[in-house]
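Remarks on the overall topology
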Amino acid sequence: MAHAVVATAYGGPEVLDIVEVDPGEPGPGEVLLEVRAAGVNPTDWKSYSGAWGTDVTQLPIRLGREASGVVIAIGEDVDTVAVGDEVIAYEARGAYTDRMIVPAGSVFAKPAAMSWEKAAGLMVVGTTAVHALAATKVGAGDTVLVHGASGGVGAMIVQLARAKGARVIGTADPSNHEYLVDLGAVPVGYGPGLVDRVRAAAHGTLTSAIDVSGTREALNASVTLIRDRRRIATIAGYTYGAALGIKLLGKSPGADPGTEIRMAARAQLIRLVEAGRLTVRVGATYPLVEAARAHRAGIEMRVQGKIILVPGQMPVARPAPSRSLRLLRRGR
Ligand SMILES: NC(=O)c1ccc[n+]([C@@H]2O[C@H](COP(=O)([O-])OP(=O)(O)OC[C@H]3O[C@@H](n4cnc5c(N)ncnc54)[C@H](OP(=O)(O)O)[C@@H]3O)[C@@H](O)[C@H]2O)c1
């Protein structure tokens, strides 16, 4: 048996529990992964917070979307990956676990020099960033404003925009300004006076803006500074963003999910890491059994960089609270 973190109810991180799961055998086109690290993303705690509804028929909810690990078994017809390969898996629904089944098409060779932790934190933020830059048509010669530039997605947008030859103005807490300079952005503090500070830093025309913070301040600054609203996007401020007529990116109703571009971005991100042009900042690593503590740190934004869970030693499994939990399989 394997172990997995589940939300047993809607609420705060106190609803998380670790239960026994049967990962099963890989079927045709599938591989069995021994998970070495799983990436933590805000969507993980949003899934059980109640922000997206409280349908009890969805409980218990498996968590996690991305992982790194070693392939330990392959199903029929799988010839793109072999047992023993070190890989990154995305999408990997239910990645907060020590073993899981994933489609072979969601598995990519891990760059040899990349740690398990960095590898587990690359894909959700990286694919979102690729989509945001494509949607706002950022390229060489552009000056792009990135709100929330020091976070997981923001840091990816900064690096990818710089790799395209764009100039980047990035908003962040002052404690992160040096980090933004290291990534190649011009740092600016958010808060009152934002528009004036950005204008002063831009030394000329801003051509696009990408918001990952979801604040009204960020969206208002963007529409004040950039005339063409087709070149302004948010991945977090959907209601106000819709009212302003800017691009909404992601899985929310009415937003552009960018499914194809995000899936195609996975191989591109790996190539950029291998070329030394893209990196992931890991801020904190927690044992899988401490997922609730990791989520509290993420919700309170106490960690600078990605939060990663590592399976490590599992507790002796105690009886799951119900038959449905004990029999959880494959992220259902
Ligand atoms: N739509 C999609 O497809 C999609 C995909 C991934 C993520 N998301 C969403 O995007 C958001 C960011 O995700 P993430 O993984 O990058 O989270 P994250 O790593 O926690 O980064 C969030 C950043 O926001 C910054 N911030 C906090 N208050 C701010 C303010 N008032 N103004 C501007 N920036 C502020 C913080 O930077 P400082 O520490 O420097 O203050 C923090 O690093 C989340 O809401 C997430 O759910 C959406």
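Please refer to the structure placed before this passage.
Residues numbered from 1 in each chain as written. Predicted model: local features only at pLDDT ≥ 70, side-chain atom pairs only at ≥ 80, totals over all residues. Heavy atoms only, no water.

1. Topic: the sheet that holds strand β4 (residues 61-62)
The antiparallel open sheet is built from three strands, whose spatial order is β2-β1-β4. Sheet topology places β2 (16-21) and β4 at the edges, where each strand pairs with a single neighbour. (Pairing = 2+ DSSP bridges. Helix = DSSP H or I, 4+ residues; strand = E, 2+ residues; numbered from the N terminus.)

2. Digging into the site of the ligand
The full set close to the ligand counts 22 residues, and K46, S150, G152, D173 and Y190 are the nearest of them. One nitrogen or oxygen atom from the side chain of Y238 is found 2.9 Å from a nitrogen atom belonging to the ligand. Note that an oxygen atom of the ligand is positioned 2.9 Å from one of the side-chain N or O atoms of R262. Here the ligand has 920 Å² of accessible area as a free molecule, and 80% of this is covered by the chains. If you list the elements that add at least two residues to the shell around the ligand, you get α1 (42-49) and α4 (152-163). The residue makeup of the shell around the ligand, split by class, is 10 nonpolar, nine polar and three charged. (Near = heavy atom within 4 Å. Polar contact = N/O pair within 3.5 Å; in protein donor to acceptor, adjacent residues only side chain to side chain. Areas by Shrake-Rupley, 256 points an atom, 1.4 Å probe, with all protein chains shown as cover. Nonpolar A, V, L, I, M, F, W, Y, C, P; charged D, E, K, R; others polar.)

3. Thoughts on the side chain of E66
Summarising the element assignment, E66 is placed in the loop between β4 and β5 (67-74). Although E66 is buried, it makes no salt bridge; K306 carries the closest opposite charge, 4.3 Å away. Looking at E66, its side chain comes within polar contact range of the main-chain nitrogen of M123, at 3.0 Å. Engagement of the side chain of E66 in a polar contact is seen with the backbone nitrogen of V124, the distance being 3.0 Å. (Buried < 20%, exposed > 50% of the residue type's maximum accessible area, 1.4 Å probe, protein only. Lys, Arg positive; Asp, Glu negative; His and termini not counted. Salt bridge = Lys/Arg side-chain N within 4 Å of Asp/Glu carboxyl O.)

4. What to know about the pattern of salt bridges
Taken as a whole, this structure holds nine salt bridges when the rule is applied. D142 is paired through a salt bridge with R231; the nearest N and O atoms lie 2.9 Å apart. You can see D142 sitting in the loop between α3 (123-135) and β9 (143-147) and its partner R231 sitting in the loop between α7 (216-225) and β13 (232-234), a full 89 residues away along the chain. Two residues, R230 and D228, come together in a salt bridge whose shortest N-O distance is 3.1 Å. Relative accessible area serves as the criterion here: at 27%, D228 is assigned to the partly exposed category. Ionic contacts of the salt-bridge type, sharing partners, join the residues R65, E91, R93 and K251 into one network.

5. Digging into the sheet that holds β13
Across the sheet, which stays open at both edges, the six strands sit in the order β11-β10-β9-β12-β13-β14 with parallel pairing between neighbours. The open sheet has two edge strands, β11 (186-188) and β14 (247-248), and neither has a second partner. Pairing of β9 with strand β12 (residues 208-211), which is carried by four bridges, proceeds in the parallel orientation. From the neighbouring strand, V146 faces β12, where its bridge partner is I210. Here α4 sits on the sheet and contacts β9, β10 (167-171) and β12; the angle it forms with β10, its principal contact strand, is near 165°. Docked against the sheet, α7 engages β9, β12 and β13, running at close to 165° with respect to β9. (Contact = heavy atoms within 4.5 Å. Axes fitted to C-alpha atoms, helices over the stretch in contact; angles between N-to-C directions.)

6. Notes on unusual backbone geometry
Residue P60 is bonded to the preceding L59 through a cis peptide linkage, with omega at -10°. Within the secondary structure layout, P60 lies in the loop between α1 and β4. Of the consecutive residues Y90 and E91, the connecting peptide bond is found in the cis state with omega at 0°. Its location among the elements puts E91 in the loop between β6 (86-89) and β7 (99-103).

7. A few points about the environment of L225
Inspection of the secondary structure puts L225 in helix α7. On the basis of relative accessible area, L225 is assigned to the buried category, the value being 15%. As for L225 and R199, which are separated by 26 residues in sequence, their C-alpha atoms are 7.9 Å apart. Once residues within four sequence positions are removed from consideration, L225 is found in contact with L145, V195, V198, R199 and L206.

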